[in-house]
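Next come the chains, spelled out residue by residue.
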Amino acid sequence: MTDDQIRSPLLDRLYQRYLNDEDSARFIQSVSERYTIGSLKRLCRFGQINSRRSATLALGFLGDFAVNESMGRSLQDDDRGVRLLADHGIRQIWTRQGAPALQAGVRRLYRLVIQNRLEDAIEDATRLIAYDPTLGEAWNQRAIAFCALGEFEAAAEDCRETLNCNRYHFPAAMGMGHCMLQMDDAVSALECFRLALSINPDLEGVRNHIFQIERTLEGS
């Protein structure tokens, strides 16, 4: 019997306790004291349902961008509970890429976009990208700012760069699809939405977009 097989019942119990008391701090502390990130990644992939759910939840709390691959695979898990936890958790780890200063810069981009300070967001994102071109979330936030300003071609290109940095970034695929629709390119939009759905099969809104675009193209 492997260490993971021995430990998984404990992980299940910690997860059940979290469901009962909703004490995330207690859950995080308990898991971090007993499991390494490597063990959680293995359980996320090979554990039983409750272990996969617990490991996915824990990685969302504890992991950095190094767990992106594990979380991305969990978006397509057979269990819907795992998929939902992965959907939430993976968005959190995207903000934890790079050194602490880069992570702080990304958090600032979020604030600037929310505050509709779009030019400032573009300027800050451009500086972050120049420093680290692999910083997917900097590309993504700049894409959002460009899109809000009606600069759809620039936004679509930044969405493409986001996906080059992070192949699991389904919001970037969705964003690129919306930009293509704004540029009256339904065929490219359809490809983008299909890509988003292939990454995250639970995107029902995207599934509806695909259905509507397919109907429109068939009738043209």
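Look a little higher up for the structure.
Here goes a summary of the coordinates provided. (Residues numbered from 1 in each chain as written. Predicted model: local features only at pLDDT ≥ 70, side-chain atom pairs only at ≥ 80, totals over all residues. Heavy atoms only, no water.)

In a soluble, globular protein the nonpolar side chains are often hidden away together inside. Formed by 52 residues in total, the largest nonpolar core has its most connected members in Val31, Leu40 and Ile90. Looking at this core, the element that brings in the most residues is helix H12 (residues 186–199), giving 7 residues. If sequence neighbours within four positions are ignored, isoleucine 90 has contacts with Asn68, Met71, Gly72, Leu75, Tyr168 and Phe170. Counting residues in hydrophobic clusters, the runner-up holds 9 residues, among them Leu102, Leu128, Ile129 and Leu135. (Core = buried A, V, L, I, M, F, W, Y, C linked by side-chain atoms within 4.5 Å. Buried < 20%, exposed > 50% of the residue type's maximum accessible area, 1.4 Å probe, protein only. Helix = DSSP H or I, 4+ residues; strand = E, 2+ residues; numbered from the N terminus. Contact = heavy atoms within 4.5 Å.)

Turning to the environment of glutamate 151, a few remarks are in order. Tracing the sequence through the fold places glutamate 151 in the loop between helix H9 (136–148) and helix H10 (152–165). As for glutamate 151 and arginine 108, which are separated by 43 residues in sequence, their C-alpha atoms are 22 Å apart.

The subject of this paragraph is the pattern of salt bridges. For the structure shown, the criterion picks out 15 salt bridges. A salt bridge links arginine 194 to glutamate 214, with the nearest nitrogen and oxygen atoms 2.8 Å apart. A residue pair is termed long-range when its members are at least 10 positions apart, and arginine 194 in helix H12 and glutamate 214 in helix H13 (residues 204–219) qualify at 20 residues. We classify arginine 194 as partly exposed; its relative accessible area is 42%. Given the relative accessible area of 26%, glutamate 214 is considered partly exposed. Among the ionic contacts, a cluster of salt bridges with common partners joins Arg108, Glu123, Asp124 and Arg127. (Salt bridge = Lys/Arg side-chain N within 4 Å of Asp/Glu carboxyl O.)

The next subject is the side chain of arginine 142. In this fold, arginine 142 is placed in helix H9. A relative accessible area of 13% means that arginine 142 is categorised as buried. Side-chain polar atoms of arginine 142 contact the side chain of aspartate 158, separated by 2.6 Å. (Polar contact = N/O pair within 3.5 Å; in protein donor to acceptor, adjacent residues only side chain to side chain.)

Quick look at the packing of helix H2 (residues 24–34) against helix H4 (residues 49–62) now. Across the interface, H2 lies against H4 with an axial gap of 10 Å and an inter-helix angle of 100°. In terms of orientation, H2 and H4 fall into the roughly perpendicular class. Counted together, Ser24, Phe27, Ile28, Val31 and Ser32 of H2 and Ser54, Leu57, Ala58, Phe61 and Leu62 of H4 form the full contact between these two elements. Here the residues of the contact of H2 with H4 sort into 7 nonpolar, 3 polar and no charged. (Axes fitted to C-alpha atoms, helices over the stretch in contact; angles between N-to-C directions. Parallel < 35°, antiparallel > 145°, perpendicular 65-115°, else oblique. Nonpolar A, V, L, I, M, F, W, Y, C, P; charged D, E, K, R; others polar.)

This part covers H13. The terminal C-alpha atoms of H13, which comprises 16 residues, lie 23 Å apart, in line with the 22 Å expected from a rise of 1.5 Å per residue. Looking only at H13, the buried set comprises Val206, Ile210 and Ile213. All buried residues of H13 fall inside an arc of 75° around its axis, so they share one side. Turned more than 90 degrees away from the buried face of H13 sit Asn208, Arg215, Thr216, Glu218 and Gly219, all of them exposed. Next to the buried residues of H13 lie helix H11 (170–182) and H12. (Expected span 1.5 Å × (residues − 1). Arc of directions from axis to C-beta.)

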